Amino acid sequence: MALDQDWDDEDQDEDKDGTEMSFMDHLEELRWHIIRSLASIVIFTIMAWIFRNEIFGIIIMGPTKVDFYTNQVLCHLAELTGMTSLCMQAADFILQSREVSGQFMMALTQSIIVGLLFAFPYAFYEIWRFIRPGLKEKEQKAARGAVFWVSLLFFVGVSFGYFVVAPMAINFLANFKLDPSIQNQFDINDYISLLSMLTLACGLTFQLPMIAFVLSQVGILTPSFMREYRKHALIVILLVAAIITPSPDVISQLLVAFPLFGLYEISIIVSGRVLRRKMREEALESNS
């Protein structure tokens, strides 16, 4: 939070001259923000390439292993509740590379994805530095800490997708068979695509409070609207949880549904705070 505030203060120092920039100046500034963002992604991608074997063996293949942290917790929970199906079985599948350049492209793809993940806070900060000067003073105050909260929610969502959603989905798909004689043999690129999609989708889904903040700020969303459609949102969340965790166990579905519903409730609180602040500002302006 403090780090983000320091960044904001730095931006304010850069804009103190008050000179009006031309359209070409804005394009030039945007170009350098994009270049710095891409440079951060390239740096983290190179680092991920250097440690590609460790990343693949420990992180990428982690959700498929019996001793994965999530599986240990679920097995312990299965012992306490008596629901043995909560404890996930060993993933019964074989990974294959069906193309000559398959393993090289897999290593390159995983390095780029890891680079994107770790460079996200700085890349978003660079884009925010370009957008922020165009906001009004009230909007800048309201959006203080945006880089911190967006980055925090993104990494919490990615962690949720990696430790909760991905192991359940991969375990179900890997062990699902129409007939015991059919063996699951997956392409390595398809596996990485699935893992990336699940984790990145959760990272973006966890931005719901920030989306609620922006929509409430512009007057599109209100807390009363979200409370009115809370039941509808709960049904959608339960359907999403049932799709993500095809297991018939209610507990595994609730493990996914509770955080999503919690995000919805947090979004209502965020929208309410924005509405109350706007009402106070309007009251002050009318009194003055």
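Residues numbered from 1 in each chain as written. Predicted model: local features only at pLDDT ≥ 70, side-chain atom pairs only at ≥ 80, totals over all residues. Heavy atoms only, no water.

Thoughts on the overall build of the protein chain
- Looking only at helices and strands, one finds 12 helices and 2 strands in the protein chain.
- Within the protein chain, buried positions represent 36% of all 288 residues.
- For the protein chain, long-range pairs separated by at least 24 residues make up 82% of all intrachain contacts whose partners lie at least 6 apart in sequence.
- A total of about 17,300 Å² of accessible surface is found on the protein chain, and carbon and sulfur atoms cover 68% of it. (Helix = DSSP H or I, 4+ residues; strand = E, 2+ residues; numbered from the N terminus. Buried < 20%, exposed > 50% of the residue type's maximum accessible area, 1.4 Å probe, protein only. Contact = heavy atoms within 4.5 Å. Areas by Shrake-Rupley, 256 points an atom, 1.4 Å probe, with all protein chains shown as cover.)

Some words on helix α4 (residues 69–81)
- Between the first and last C-alpha of α4 there are 19 Å, a value that for 13 residues agrees with the 18 Å anticipated at 1.5 Å per step.
- Within the sequence span of α4, burial applies to Thr70, Asn71, Leu74, Cys75 and Ala78. All buried residues of α4 project into a common sector of 130 degrees when viewed along the axis, lining one side. For α4, the exposed residues lying more than 90 degrees away from the buried face are Tyr69, Glu79 and Leu80.
- Among the residues trailing α4, glycine 82 stands out with phi positive, at a value near 85 degrees. (Expected span 1.5 Å × (residues − 1). Arc of directions from axis to C-beta.)

Here's the deal with the UniProt feature "transmembrane region" (unreviewed entry) in the protein chain
- The residues that UniProt annotates with the feature "transmembrane region" (unreviewed entry) are residues 30–52, 73–91, 103–125, 146–174, 194–220, 232–248 and 254–275.
- The span residues 194–220 is 81% helical and 0% strand by assignment, and the distance between its end C-alpha atoms comes to 34 Å. (UniProt positions renumbered as here; feature names shortened; annotations may be inferred.)

A closer look at the layout of surface pockets
- The space that makes up the largest pocket amounts to roughly 900 Å³.
- For the largest pocket, the lining is made up of 32 residues, of which Ala142, Ala143, Met210, Phe213 and Val270 are closest to its centre.
- The set of elements that each furnish at least two residues to the lining of the largest pocket consists of α5 (102–131), α6 (137–142), α7 (146–175), α9 (208–217) and α12 (250–287).
- By residue number, the principal contributor to the lining of the largest pocket is α12, which donates 8 residues.
- Residue composition of the lining of the largest pocket, by class: 23 nonpolar, 3 polar and 6 charged. (1 Å grid on protein atoms, 1.4 Å probe; cavity = no way out; pocket = protein on both sides within 12 Å on 5 of 7 lines; lining within 4 Å. Points joined across faces, edges and corners; volume = space filled by probe spheres on them. Nonpolar A, V, L, I, M, F, W, Y, C, P; charged D, E, K, R; others polar.)

Describing the side chain of serine 196
- Along the chain, serine 196 falls in helix α8 (residues 188–205).
- When near neighbours in sequence (up to four residues on either side) are disregarded, serine 196 contacts Ile113 and Ala201.

Considerations on the packing of aromatic side chains
- Across all of its chains, the model carries 14 aromatic pairs by this definition.
- The interplanar angle of 15 degrees and the centroid separation of 6.2 Å between the aromatic rings of phenylalanine 120 and phenylalanine 124 together place this pair among those described as stacked. On the criterion of helical spacing, the pair formed by phenylalanine 120 and phenylalanine 124 is a turn pair, its members being 4 residues apart in helix α5.
- A relative accessible area of 23% means that phenylalanine 124 is categorised as partly exposed.
- An angle of 45 degrees between the planes, with centres 4.8 Å apart, marks the rings of phenylalanine 225 and tyrosine 229 as tilted. (Phe/Tyr/Trp six-rings, centres within 6.5 Å; stacked < 30°, edge-to-face > 60°.)

What about the pattern of salt bridges?
- All chains considered together, the criterion is met by 4 salt bridges.
- A salt bridge links glutamate 28 to arginine 31; the nearest nitrogen and oxygen atoms lie 2.9 Å apart. Remark: arginine 31 and glutamate 28 occur in helix α2 (residues 23–50); sequence separation between them is 3 residues, near one turn of the helix.
- For glutamate 28, a relative accessible area of 34% corresponds to the partly exposed category.
- Note that glutamate 126 and arginine 129 form a salt bridge whose closest N and O atoms lie 3.8 Å from each other. Linking glutamate 126 with arginine 129, this pair stays in helix α5, spanning 3 residues, or about one helical turn. Here glutamate 126 and arginine 129 have matching classes, each one buried.
- Within the structure, one salt-bridge network assembled from shared partners comprises Arg36, Glu126 and Arg129. (Salt bridge = Lys/Arg side-chain N within 4 Å of Asp/Glu carboxyl O.)

Some words on the environment of serine 271
- Structurally, serine 271 can be placed in helix α12.
- Of the residues examined, serine 271 reaches a relative accessible area of 1% and is grouped as buried.
- Measuring from C-alpha to C-alpha, the distance between serine 271 and valine 214 comes to 8.8 Å, with 57 residues separating the pair along the chain.

Some points on a positive patch on the surface
- A surface patch of positive charge is lined by Arg227, Arg273, Arg276 and Arg280.
- For the positive patch, the element with the most residues is α12, which contributes 3 residues.
- By secondary structure assignment, the location of arginine 276 is in helix α12.
- Overall, arginine 276 belongs to the partly exposed group, its relative accessible area being 46%. (Patch = residues over 30% accessible without salt bridge, like charges linked within 9 Å, V, L, I, M, F, W, Y side chains within 5 Å. Lys, Arg positive; Asp, Glu negative; His and termini not counted. Charge placed at Lys NZ, Arg CZ, Asp CG, Glu CD.)

Comments concerning the nonpolar core
- In this structure, Ile60, Phe160, Tyr191, Ile192, Leu195, Val256 and Leu260 are the most contacted members of the largest nonpolar core, which totals 36 residues.
- Looking at this core, the elements with two or more residues in it are α3 (52–60), α5, α7, α8, α11 (230–244) and α12.
- If we skip the residues at most four places from it in the chain, tyrosine 191 touches Ile60, Met61, Pro63, Thr64, Phe93, Leu95 and Ile170. (Core = buried A, V, L, I, M, F, W, Y, C linked by side-chain atoms within 4.5 Å.)

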